[in-house]
Amino acid sequence: MSDPLVRFQEVQLGYGRQVVLENVQLDIFRGDFFGLVGPNGSGKTTLLRCLLGILKPLSGEITRSAGLRIGYVPQREMLDPRFPLTALDIVLMGRYPCAGVFRSPRRADRDFAMQCLQQVGLADVAHKLYRELSGGQRQRVLIARALAVEPNLLVLDEPTNGLDLPTEAAILGLIEQLHAQSGLTIVLVSHVLNVVARYATRMGVLLDGRLLVGDAEELMQEQVLEEVYGVPVCVQRLDHHYIVAVREIEEACSDE
Amino acid sequence: MSDWLETWQSPMVQDALRVGIVLAIVASYLGIYVVLKRIVFVGAALAQVSAAGVALAFLVGWNPLLSATLFALAGSLFFAQSWSERRMSREAVIGAVFLTFSALTVLLASKGAHGMEEVQHLLAGDILAVAPEEVWRIWILGVLVAFLLLRKEFLLVAFDAETAQALGYRTRWWEFAFYLMLGGLIGAVIHLVGLVLIFGYLVLPAMGALLLCRHVASAAAVAIVNALLATVAGLLISVVFDLPTTATILALMSAIAALEGLASAAMSHSSR
C-alpha cells in the first residue's frame, strides 16, 4: 500500500487542558472515501480542524505527504450570504494562494475558476449573487471553490445539511463522481449515518473520546452504534443502503 | 453671496475640506468591511476608547494624537481577540467597553482645564476646527490605509475565516491587521473631527452602498462617492446656511443611505 496522504499517530486533540480525543490513529490513503460520523459534541469538528491544519494536536504526530493540497468545503450555514459576492467571486477565492499576496487573480485563474463551476454544473450562474442561489447551488459553489485549489484531498463538512432529498442525492452523486472519475480522495464529515455508510469505503466513528476506524460493514453493527449513540438501534440493509432507526421507532413500524 | 464664497475659500474651510475628503475615502472604504463583518459597534467602542485617550492627554499634558492612537490600538488588539461566546456575547462586551470608556472620558474631562466643553468637542467634534499643521498627518494616514486595504485577503478572512485558515492564511494576523488599521484611523482623527462623525463615516456610506450594489468593489466605490458627496455638500451647506458642520454632513450621509435603500427596494420590487 502507498504512503498515506495524512497519518495521525497517537494523536491527542483538544483545547488548552481540555482533551477531546485521545490516541487517534488514522491513515488517509490516496483514493480513499473516508466518512467520519459521531454524535453532536463527539469531536468531529476538532478532528476536522486538526486534519485541515487549523488546530495543532496536544500530543502525537500528524504527517502530511509532500504536495498535499486540501480543498475544504465548510458548512454552508457558517457563511454570511449578505456579502455581495457572485458564485465566480467565491470560487476565485480558491485561487488566492496561487495569485499571492498584493496581487489580483490573473485571467488564467478566472478561467480555471469558471472550469470548476462548469465541473459542478453551475457555469450558467457564475455571475449570480451567492445569496440568490438555492441551498444546493450554494453547496456546489463551495465544492467548486475547493476544486479551484486543485486538491488531492477534498474535505467536506456536513455537505447535505438542510437540503431536501433530491438535492441531497444530487450533491452526494457529485461527490461520488469526483471520487470515482477524478480520483479525488474524499473525507466526508456528517452526522447522517446512512449517507456516510452508503458512500464511504472506510469509516471513522467517534466514541467516548476515541476514534474507531473500519469499513462500513464492521462499524454499522447494532452494538457499535448503540454504544456510540447510547440508544437501542436497529440496522437493516436495503441494496447498498443502510437504514438505521432508533429501536422504539423501528418496533412501532414493524407492529403496523 | 460673496460672503459665503469668501468663507468657503478661507484656509479654515479648505483645510476642513482636505481632511474631510481623505477621511471620506479611507473611512467609507473601511466601512464596507466594518458593516460586512458586523462590527459596526466595535467602531463606536473604539472611537470611545480613543476619546478617553484624548481626555487623558489633555488632563496630563500628553500629545492627544499619540494618546488617542495608543488607546485605539490597545482597543483594537482587544477586539481582534477571538473568544468564546458561550457565557457572554461579544455584543455585550462591546457595549461594556463603550460604557466604561464613556464614563472614563467624562470623568477625565471633568478634571481637565476645559471640563465638559471638551467632552462635547470629543463627541460632536468640529471638522472646521482642524488646525493647519494637523492636515498633513491625515494625508499620510489615508495613503497608508488605502494602500493596505487593497487586499483580497481581507475579504476572504471576513467571509470565511475557516477556509482561509485551511488555505494557509494566518487569519489571526489578518484580523489584527484589520483592527489595527481601524484603530489607527480612529485614533488619528478622533480629536480632529469627533466620535460621531468618524462613526458616521464608517457606517452610513457603506450601508447605502451595500444595499445598492452587487459587488464588493462597486459597493466600495459607491460608498466613497456617498461620503465625498456628503462631505463637500455638507461643508458647503453648513457654510451657506450657518449650520453645524458635523450634523449637516451626517444628515446628508443618512439621506443618501435612505435614498439608496429606497432605490434598492424599488429595484428588487421591479425585478420580481
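Residues numbered from 1 in each chain as written. Chains lettered and ligands numbered in written order. Predicted model: local features only at pLDDT ≥ 70, side-chain atom pairs only at ≥ 80, totals over all residues.

Here we look at the sheet that holds strand 7 (residues 185–189) of chain A
Residue and element names in this part refer to chain A.
- With mixed pairing, six strands are arranged side by side in an open sheet as 5-6-7-3-8-9. Two strands close off the open sheet at either side, each with one partner strand: strand 5 (70–73) and strand 9 (210–214). Shown here is a sheet whose adjacent strand axes are inclined to one another by a mean of 15 degrees, direction ignored.
- Direction of pairing for strand 5 relative to strand 6 (residues 153–157): parallel, over a ladder of four bridges. Bridge assignment links tyrosine 72 to a residue of strand 6, and that residue is valine 155.
- Strand contacts of helix 1 (residues 44–52): strand 3 (33–37), strand 5, strand 6, strand 7 and strand 8 (202–207), with the helix running at about 155 degrees to strand 6, the strand carrying the most contacts. (Pairing = 2+ DSSP bridges. Helix = DSSP H or I, 4+ residues; strand = E, 2+ residues; numbered from the N terminus. Axes fitted to C-alpha atoms, helices over the stretch in contact; angles between N-to-C directions. Contact = placed C-beta atoms within 7 Å.)

Re the interface of chain B and chain A
- Every contact between the two is made by 18 residues of chain B and, on the other side, 18 residues of chain A.
- Of all the secondary-structure elements, those providing two or more residues to the side of chain B that touches chain A are helix 8 (152–159), helix 9 (161–166) and helix 12 (216–240) of chain B.
- Counted by class, the side of chain B that touches chain A contains nine nonpolar, four polar and five charged residues. (Nonpolar A, V, L, I, M, F, W, Y, C, P; charged D, E, K, R; others polar.)

A word on the domain arrangement of chain A
Residues and elements named next belong to chain A.
- Its domain assignment divides chain A into domain 1 (1–68 + 152–214) and domain 2 (78–151).
- Summarising the inter-unit geometry, the C-alpha centres of domain 1 and domain 2 are found 23 Å apart.
- On the domain 2 side, the residues contacting the 11 residues of domain 1 number eight residues.
- Tallying contributions element by element places helix 6 (residues 165–182) first for the side of domain 1 that touches domain 2, with four residues.
- Along the lines of polarity and charge, the residues of the side of domain 1 that touches domain 2 split into eight nonpolar, three polar and no charged. (Domains from an automatic or database assignment.)

Comments concerning the sheet that holds strand 2 (residues 18–28) of chain A
Residue and element names in this part refer to chain A.
- Reading across from one edge, 2-1-4 is the order of the three strands in this open sheet, with antiparallel pairing throughout. Looking at which strands have only one partner, the edges of the open sheet turn out to be strand 2 and strand 4 (59–64). The average angle at which neighbouring strand axes cross in this sheet is 30 degrees, direction not considered.
- Here strand 1 (residues 6–15) runs beside strand 2; their pairing, made up of seven bridges, is antiparallel. In the strand pairing of strand 2, phenylalanine 8 is matched with leucine 26.
- Along the sheet, helix 1 makes contact with strand 1, strand 2 and strand 4, crossing strand 1 at roughly 125 degrees.

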